[in-house]
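Inside the fold
What follows is the residue order along each chain.
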Amino acid sequence: MLDLGLTAFLACFLVMGFKRPFLWVLCYLYVDIVSPQVISWGILSSVPVSLITFAAAFGGWLLLEDKRDSRFTLRQALLAMLLAYCAMTTLTADYPAEALEKWAWVWKALVFAIFLPLTVRTRLRIEAVALVMVLAASALIIDGGIKTVMGGGGYGTLRIFVDNNAGLFEGSILSCVAISIIPVVIWLARYGTIFPSDWRVWTFACALIFACALIPVGTQARTGLMCLAVLCVLYLRTAKHRVLIAGGMAVALLAAVPFLPQSFLARMSTIENHQSDQSASTRLGVWKWTWDYAREHPLGGGFEVYLSSEVQYDTVARDSDGSNVVIERERVVEKGRAFHSSYFEMLGEQGFPGLLLWLLIQGLGILQMEIIRRRWKGRTEADEAWVAPLANALQLAHVVYMVGSLFVGIAFQPFILMLVGLQCGFWSYLKRIGHPAKIGQGESRRKAVRTMQPA
């Protein structure tokens, strides 16, 4: 039944796109996030679903869409430059076969991030993209949250639909994404027009936020815990009742601690004492190796260059047998360990030029959202009130991603690149509208046009 349901849903999505081609863009978002072809064991598993929806999204825009309001932004140009640079390093990669395997999905994620802003030219479309991204991710998050509540969590053991450890199905990546979308969930609940704000919307939003907070517990990913802490601190920046909210967060934390599994608390304790944790020691060793490699190969070694890494380190453990304390040291040698950091991933694979481009893309996104937030702050008119909160939500989501990127190799994670594309489209839309006072007039003109032609 699950296989039939996934197939029928996707088929309906594709058919409706013939009337509204933009739905094919949303369909690709759904496919790339949920990966129904991975969950399915029947028809979808034997069909190139991602390629079909990718081609439909581009073909629909090229042949059927109105392109008059489409704009190309600076960040899209930077993404195109990064795409070209990655293509070059792939051709000269230290591990050509392995590099081509990663390139096979990286180029598609980058191209779609460049393409997405061209299609997002109205408020409705901006909201639709944000909504589909949240709902698609929530399919994985809710499944993980339910299993966590039922006691099915654990480091490396929480299964999201299927036994798969790639993309959003991997615990640390899902934890980072789950925490990052919380601000967008709140924005959709407050300002959404597709599902207008009411008690049903808020009930689902609160339940989803709770599930998002459970993912770091269920996966026992330290990355998720740090992302959640950063989000709570940053959220106070724009909150009206900071003291009350901060107090509520503290009470919620104290109330939750007794219910957390001991395995989770034990793993989180290694954040303070990384020397006793082999995983943390491996990260530090690989980061040191990456820095030394980049100094010798400043242009990078191409995708999957970490396969040549070799790190040596000592783990330190303290054991007490009453009055005596014994310090135990163990020498560990590991080869071919992953970067465990987007920053070092970019440095090792793409060198200093690639890292600079990547940081510029991320930094400009955070800066542009701050500019929008300040420029539109305090607007209370119905056509304007949603802008500053959305900029703030996208900025918080981006900052949480950058924090999570410190400890997870997700530099080219498609979901994050979709977020970048949404920011570009949002920025382009407001630049086209012009001064805040003109937004109502701009929307009225677009509504009049939409009555005469398909959206």
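Residues numbered from 1 in each chain as written. Predicted model: local features only at pLDDT ≥ 70, side-chain atom pairs only at ≥ 80, totals over all residues. Heavy atoms only, no water.

An unreviewed UniProt entry lists the protein chain under the name Probable O-glycosylation ligase, exosortase A-associated, with Novosphingobium mathurense given as the organism. UniProt, in the comment section headed Subcellular location (unreviewed entry), describes the protein chain in these words: "Membrane". (UniProt positions renumbered as here; feature names shortened; annotations may be inferred.)

With that settled, the discussion passes to the overall build of the protein chain. When you go through the protein chain residue by residue, the secondary structure sums to 18 helices and two strands. A buried classification covers 52% of the 455 residues belonging to the protein chain. Contacts in the protein chain between residues far apart in sequence, at least 24 positions, make up 76% of those at least 6 positions apart. Here the protein chain displays about 21,200 Å² of accessible surface, and carbon together with sulfur accounts for 65% of that area. (Helix = DSSP H or I, 4+ residues; strand = E, 2+ residues; numbered from the N terminus. Buried < 20%, exposed > 50% of the residue type's maximum accessible area, 1.4 Å probe, protein only. Contact = heavy atoms within 4.5 Å. Areas by Shrake-Rupley, 256 points an atom, 1.4 Å probe, with all protein chains shown as cover.)

A full pass over the atoms with the stated rule returns two cavities of 30 Å³ or more. In this structure, the largest cavity encloses a volume near 80 Å³. Looking at the lining of the largest cavity, the elements with two or more residues in it are helix 7 (123–149), helix 16 (387–404) and helix 17 (414–433). As a volume, the second largest cavity reaches approximately 40 Å³. (1 Å grid on protein atoms, 1.4 Å probe; cavity = no way out; pocket = protein on both sides within 12 Å on 5 of 7 lines; lining within 4 Å. Points joined across faces, edges and corners; volume = space filled by probe spheres on them.)

Moving on to the environment of Gly 348. Relative to the assigned elements, Gly 348 resides in helix 15 (residues 342–376). With a relative accessible area of 0%, Gly 348 lands in the buried category. For the pair Gly 348 and Val 305, spaced 43 residues apart in sequence, the C-alpha separation works out to 6.9 Å. What Gly 348 contacts, discounting residues up to four positions off in sequence, is Thr 290, Tyr 293, Gly 300, Gly 301, Gly 302, Val 305 and Phe 339.

What follows is about the UniProt feature "transmembrane region" (unreviewed entry) in the protein chain. As recorded in UniProt, the feature "transmembrane region" (unreviewed entry) lies at residues 41–64, 76–97, 103–121, 128–146, 166–189, 201–217, 243–260 and 410–430. Within residues 41–64, the helical portion is 67% and the strand portion 0%, while the C-alpha atoms at the span's ends are 34 Å from each other. End C-alpha atoms of residues 103–121 are separated by 29 Å, and the span's content is 89% helix alongside 0% strand.

Time to look at helix 15. Two residues of an α-helix separated by three or four positions point the same way, owing to the 3.6 residues in each turn. A rise of 1.5 Å per residue sets the reference length of helix 15, with its 35 residues, at 51 Å; its end C-alpha atoms lie only 32 Å apart and thus fall more than 12% short of the reference. The principal kink in helix 15, of about 130°, is found at Gln 350, preceding the proline Pro 353 by one to four residues. A distance of 3.4 Å separates the backbone nitrogen of Tyr 343 from a side-chain oxygen at the start of helix 15, and that oxygen is part of Ser 341. (Expected span 1.5 Å × (residues − 1). Bend = angle between axes of the 7 residues up to and from the residue. Polar contact = N/O pair within 3.5 Å; in protein donor to acceptor, adjacent residues only side chain to side chain.)

Turning to the packing of helix 8 (residues 171–180) against helix 10 (residues 199–219), a few remarks are in order. Between helix 8 and helix 10, the shortest axis-to-axis distance is 8 Å and the interhelical angle comes to 160°. What the angle tells us is that helix 8 and helix 10 run roughly antiparallel. The chirality of how helix 8 crosses helix 10 is left-handed. Here Gly 171, Leu 174, Ser 175, Ala 178 and Ile 179 of helix 8 come into contact with helix 10, specifically with Cys 212, Ala 213, Ile 215, Pro 216 and Thr 219. Taken together, the residues of the contact of helix 8 with helix 10 break down into seven nonpolar, three polar and no charged. (Axes fitted to C-alpha atoms, helices over the stretch in contact; angles between N-to-C directions. Parallel < 35°, antiparallel > 145°, perpendicular 65-115°, else oblique. Left-handed = near helix turned anticlockwise from the far one by under 90°. Nonpolar A, V, L, I, M, F, W, Y, C, P; charged D, E, K, R; others polar.)

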